[in-house]
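Given next are the chains, with one letter for each unit.
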Amino acid sequence: MSWFSGGLDMLNDLKNNVESSVKNSIDPDLIKKLTLQSDDLVSERERIDNEERRKEAVRDSLSEILPWETRDAEMEILVDECREVILALSSDEETFTGPFVLNGGLPSREGEEEEHGD
């Protein structure tokens, strides 16, 4: 078995030589950069994740209240009026048919085309 242990020693030496040459010749941050795990990218990803969690929390909290409800105590006085207006929309058939033109909204392009002769 001496040839086996000699071969094993030779492989261990080769392994150690490869490890030392790789450690000495490769930038320590290169692997992190190649795998997108650099400190800058990790912190940026963490910042984005935190921002997304915050947005999701806001969205979840707003989905728990009706459209006319508010969590702002100063706006509570408008809740009844808002509820009446929003619910009245459902009784107006034009709410569900088009075209949807807002009173006092932007002028339509149809009038502009006629004025310019296009």
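Below is a summary of the structure that appears in this document. (Residues numbered from 1 in each chain as written. Predicted model: local features only at pLDDT ≥ 70, side-chain atom pairs only at ≥ 80, totals over all residues. Heavy atoms only, no water.)

1. As for the overall build of the chain
Note the cut-off: Helix and strand labels come from DSSP, where a helix needs a run of H or I of at least four residues and a strand needs a run of E of at least two; each type is numbered from the N terminus. Each residue is placed in one exposure class: buried if its accessible area under a 1.4 Å probe, protein chains only, is under 20% of its type's maximum, exposed if it is over 50%, and partly exposed if it falls in between.
Within the chain, the regular secondary structure consists of five helices and zero strands. Tracing the chain from N to C terminus, the helices and strands come up as α-α-α-α-α. Counting over 118 residues, the chain shows a buried share of 3%.

2. Section: a nonpolar patch on the surface
Put simply, the test is: Excluding any residue in a salt bridge, patches collect residues exceeding 30% relative accessible area, merging like charges within 9 Å and nonpolar Val, Leu, Ile, Met, Phe, Trp and Tyr side chains within 5 Å. All accessible-area figures derive from a Shrake-Rupley calculation using a 1.4 Å probe, and residue coverage is judged against the displayed protein chains alone. Salt bridges are defined by distance alone: a side-chain nitrogen of Lys or Arg within 4 Å of a carboxyl oxygen of Asp or Glu.
A cluster of nonpolar residues, L11, L14, V18, V22, I26, L30, I31 and L34, forms a patch on the protein surface that exposes about 720 Å² of accessible area. Those elements that provide at least two residues to the nonpolar patch are helix 1 (2–25) and helix 2 (30–34). Per element, the largest residue contribution to the nonpolar patch is four residues, and it comes from helix 1. Looking at where V18 falls in the secondary structure, it is placed in helix 1.

3. A few points about the pattern of salt bridges
All told, the structure shown has five salt bridges when counted by the stated rule. For K55, the salt bridge goes to E52, with nearest N and O atoms at 3.9 Å. Here K55 and its partner E52 are both found in helix 3 (residues 39–62), three residues apart, which amounts to about one turn of the helix. A salt bridge links D80 to R83, with the nearest nitrogen and oxygen atoms 2.5 Å apart.

4. Describing a negative patch on the surface
Put simply, the rule reads: In this tally, Asp and Glu contribute negative charge and Lys and Arg positive charge; neither His nor the terminal groups of the chain are included. Charge placement uses NZ in Lys and CZ in Arg. For Asp and Glu, CG and CD serve respectively.
On the surface, E69, D72, E74 and E76 cluster together into a patch of negative charge. As for its position among the elements, D72 is in the loop between helix 3 and helix 4 (79–89). Look at D72 and you get partly exposed, because its relative accessible area is 36%.

5. Overview of the side chain of S38
The condition is simple: In what follows, a contact means two residues having at least one pair of non-hydrogen atoms within 4.5 Å.
One can find S38 in the loop between helix 2 and helix 3. What S38 contacts, discounting residues up to four positions off in sequence, is K32 and K33.

Remember, this is a structural readout, not a statement about activity or role.
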